Every structure is written in structure tokens, then in C-alpha cells.
Amino acid sequence: MTSNRRIVVLGGGESGAGAAVLAKVKGMDVWLSDMGSIAPKYKELLDKYEIAWEEGKHTEEKVLAADEIIKSPGIPATAPMVKKATAKNIPIISEIEFAGRYTDAKMVCITGSNGKTTTTMLTYHILRKAGLNVGLAGNVGNSLALQVATEHHDVYVIELSSFQLDNMYQFKANVAVLLNITPDHLDRYDFKMENYVAAKFRIMQNQDANDAFIYWQGDPIIDAQLKHMHTEAKMLAFDATDNASLAAYVDTNDVVKFNIDGREWSIPRAELSLKGLHNVYNSMAAGLSASCLDIKDDVIRRALADFEAVEHRLEFVRTVNGITYINDSKATNVNACYYALESMTTPVVLILGGKDKGNDYEELMEFVSTKVRAIVCLGADNTKLLNFFKGKVPVLTETHNMKDCLAKCTELAHEGDTVLLSPCCASFDLFHNMEDRGEQFKEGVRAIEEK
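Residues numbered from 1 in each chain as written. Predicted model: local features only at pLDDT ≥ 70, side-chain atom pairs only at ≥ 80, totals over all residues. Heavy atoms only, no water.

### Re the environment of E308
Logical step 1: Relative to the assigned elements, E308 resides in the loop between α12 (297–306) and β15 (315–320).
Logical step 2: Separated by 185 residues in the primary sequence, E308 and T123 place their C-alpha atoms 12 Å from one another. (Helix = DSSP H or I, 4+ residues; strand = E, 2+ residues; numbered from the N terminus.)

### Overview of the sheet that holds strand β18 (residues 372–378)
Logical step 1: Taken together, the six strands give an open sheet; going across it, the order is β15-β16-β20-β17-β18-β19, and neighbouring strands pair in mixed fashion. Strands at the two margins of the open sheet, each flanked by one partner only, are β15 and β19 (395–399). Within this sheet the neighbouring strands show an average axis-to-axis angle of 20 degrees, counted without direction.
Logical step 2: Two elements, strand β17 (residues 348–352) and β18, share five bridges in a ladder whose sense is parallel. Within β18, the residue paired with V348 across the bridge is V372.
Logical step 3: Contacts from helix α13 (residues 334–342) reach β17, β18 and β20 (418–421), with the element oriented near 170 degrees to β17. (Pairing = 2+ DSSP bridges. Axes fitted to C-alpha atoms, helices over the stretch in contact; angles between N-to-C directions. Contact = heavy atoms within 4.5 Å.)

### Overview of the packing of aromatic side chains
Logical step 1: Inspection of the entire model under this criterion finds twelve aromatic pairs.
Logical step 2: On the numbers, 5.5 Å between centres and 70 degrees between planes, the contact of F98 with Y102 is edge-to-face.
Logical step 3: Taking 6.4 Å as the distance between ring centres and 45 degrees as the angle between the ring planes, the aromatic pair formed by F238 and Y281 counts as tilted. With F238 in strand β11 (residues 234–238) and Y281 in helix α11 (residues 277–292), this residue pair connects regions lying 43 residues apart in the sequence.
Logical step 4: Overall, F238 belongs to the buried group, its relative accessible area being 0%.
Logical step 5: Taking relative accessible area as the criterion, Y281 reaches 11% and is therefore assigned buried.
Logical step 6: Among the aromatic residues, those joined into a cluster by ring pairs are W216, F238, Y281, Y338, Y339 and F367.
Logical step 7: Across the ring face of F388, the terminal group of K392 is positioned such that the distance to the ring centre comes to 3.6 Å. (Phe/Tyr/Trp six-rings, centres within 6.5 Å; stacked < 30°, edge-to-face > 60°. Buried < 20%, exposed > 50% of the residue type's maximum accessible area, 1.4 Å probe, protein only. Lys NZ or Arg CZ within 6 Å of the ring centre and 35° of its normal.)

### Remarks on helix α4 (residues 80–87)
Helical periodicity: at 3.6 residues per turn, an α-helix aligns residues three or four positions apart in one direction.
Logical step 1: Of all the residues in α4, the buried ones are M81, V82 and A85. For α4, the arc enclosing every buried residue in end-on projection is 100 degrees, short of the 170-degree limit, so these residues lie on one face. Residues of α4 that are exposed and angled more than 90 degrees away from the buried face: P80, K83 and A87.
Logical step 2: Phi for N89, located one or two positions after α4, is positive at around 60 degrees. (Arc of directions from axis to C-beta.)

### Things to note about the sheet that holds strand β5 (residues 92–93)
Logical step 1: Overall, parallel pairing links the five strands, which are arranged β3-β2-β1-β4-β5 in an open sheet. Lying at the two open borders of the sheet, with one neighbouring strand each, are β3 (52–55) and β5.
Logical step 2: As defined by bridge partners, strand β1 (residues 6–10) adjoins strand β4 (residues 68–71) across four bridges and the pair is classed as parallel. Paired with V8 across the bridge in β4 is I69.
Logical step 3: The sheet strands contacting helix α1 (residues 14–25) are β1, β2 (29–34) and β4, and the helix crosses β2 at an angle near 170 degrees.

So, in C-alpha cells, the structure goes:
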């Protein structure tokens, strides 16, 4: 890369600001543009590195003067400025792709429709316990580019969304994890499932015989796609069935067993810190990832047993007046809510709603019909939910803000019940993001008075 190479960064959030800093540190001519507003902390970071930026617009002649564009993952390929850059054949890459050029660290990359964050955090926890110099990046932690620019790590654990994978080309995962694929974000993929599946499978591109691909064998979409794929990477499958041919499985005694190249070890499912079937999968994926980096079995076992749950993912908030409140705001699709309901052992008052992404709620009926006492819809427009669940639950009602929602849930729940916020939908209709939704839920629950 020459020092006069002009880099334009579109988007001034964590990803974009980090990419801009790395480009600047590498001596490039950098300019950042954001159609929205840039948060003060990112403005301070850009100013610290003397990086020019603009907000509230894209100045076309400056954007299209780029030798290369680094696009934040939240910006779709259909955005007008992106389409103009594409028409001019200006290369458009992701922050992860850009950062990967400037580090020789091992990359453990994790994707899937559900469980990404938990598996990423759990893998990071294991590697830290093992004493590795490890960074946390992608959808969690600081941006990979910023860390490459300002720190040094021997290994990075990276949570990758399909949006990030879309603009990755030469980047290689030394360990790639594909947890599952269920319909999600189809509005970004022309409402074609095959496009979304192809984006997820980009995680294994460029892998060779020295690398590992870890995947859930029980996922029918993954299984079907693998029949058309070729890779030299070591294939490590996991599933919660008693199948000793798998790299990780659960035997008939409810013991999670691992077997990689003849190296065998196990942990009773009851000793895993994270409960629920979905977390068995997450734990197996994290354990296999750590094994691929030659982490000792006893270190992995201890880490799987003492890990603390991820915020906003089946997060216990409080039990008050005999009612337990669980924050699962990260459940932004149907499959995530399915696994949340699967883990419930008490009657449930379920909070659903938000920005629908083309959801099919039929998948939930297995547990809704047996576990859910009431559904309280929380969204700007609850029509689709109300139409689908009408007559399928004893009580169905709607609210349009968190305060009213919690009041209704508390009214409907009985002593011994669980109020579960597991919305199935994106949060952007009523909240800034999923974290804001979860925080408002937790704040409201903490304000409930003891009787």
C-alpha cells in the first residue's frame, strides 16, 4: 500500500472509526463520511488521529475519488452512494477484510443466525483462561482494525454477521465456526434464502488444510449446502446426539464428549455454566475452537463451567413477588426465541414484537402451546403477531412502550411464572437498538415494588 493511497470510510461507528485509524496509521490519505450523526467518542477518536470526517451527508465527489472504500456492515449494497461507487468499479471491502491485511494473528471466526455472541464470548473466555494474548472483535469488543492499529494480539476471536462477511474476500479464518442458519435479515438479501446462506458460508472461504471448519451437523440447511462445497480444512461436526463419529456429541448419560484426532475428553452437561439445549451447542463449538488451538482439556473444562452469561441473552434480571424476569433482548429472530422457550421450566408470559424481518412464527408453536400463558406484544405495529397468535394462547394483548408492557406482564403472570422478553424481532421501531430495549426492560423490572 502506498502512502498516497486514498481510502474513504463509509460509516462512523465502531467499525468505520477503527478502519479509519488503521488506514491513517498505515500512512494512507483517509476520509470518513457518515449519512447519520457520529457519536462524540468516535469524533474524538478521529480528531485524535487527525482524520477528516463529515456527518449528515455523503459528498459524492470525495467518496468517488477513493482508491478503495471501507464500508460499515450496516450500510446495504443498495445504498445510493454504494451503487455509484460500484458502478465506477471502486473496490468496496469490510473493516475485517482491511484489518486482516495487517496482522498475522490467528483468527477464530464465529457466525450463525443464533448463538454468535455467546459462543464468541465463551471462546474468548477459554483462551484468556489459557493465558493466550487474545483480542475480542467483530460485533463484540473493539473493532478489529482499531486493535490491529493500536495493540498486538496473537489470536483474535471475532463474531461475524452476514453483513460483515459480504465484503470479505482475501481474509482467512484459521478456525471458522458456523453454528446454524435460519431465516434472518432476508430484507438485505432480496428475500432469497439462498443469498443469505451463501453469505454465511463465506466464513470458510480461503481455508486450507491447516485450518478447521466447525459446524452443527444437525442443521438441515448447513448439511444441504455442504454437499455442494469443497474445502481442504479439517471438518469438525457437533450435535447433541449420541454419535461417537462426531467431534463433539452428547452421550446417553448426558455427558458432552469431545474427540479430535483421537484426543478425547468430556464434561457432564450438568456442569456447563450455560443452561438450555442451544447453549450445549454453543459450548461444544467453543470447546472445539479452543481444542484446535491446543488448549489443554482441563482449562477448557473449567472455563465451560465458570463462564458468566452474555448480557441480553437469557439474562436473569430479578425474581419479585414470586415472578422471575428474564431479559433475552438479543433474540431478534424466531429461532433464538425458540431456544429461549425450550429452556423455560415454568409457565411463561412472553413478550414479542418489534420490526418484523419476514418472520414465520409457526416454529414457536411447539412451545407456545405447552408453556406460554400469555403473549404481550411490544411494538409500533403488532398486526402480524396479533393475527398469527389469535386463538392460539389463553391471553393475547398488545402495548406500545416498555412501561405499559411490564405492567401488563406483571398483571398477567402468576406466582412461579417467568416473564420472558424474547422478542423475535429487531428493536428499531421503538428503541435505539436491542441493548436499549434490554436496558429499559431491566430498569423497569428493578422498579417493580415488592408486595
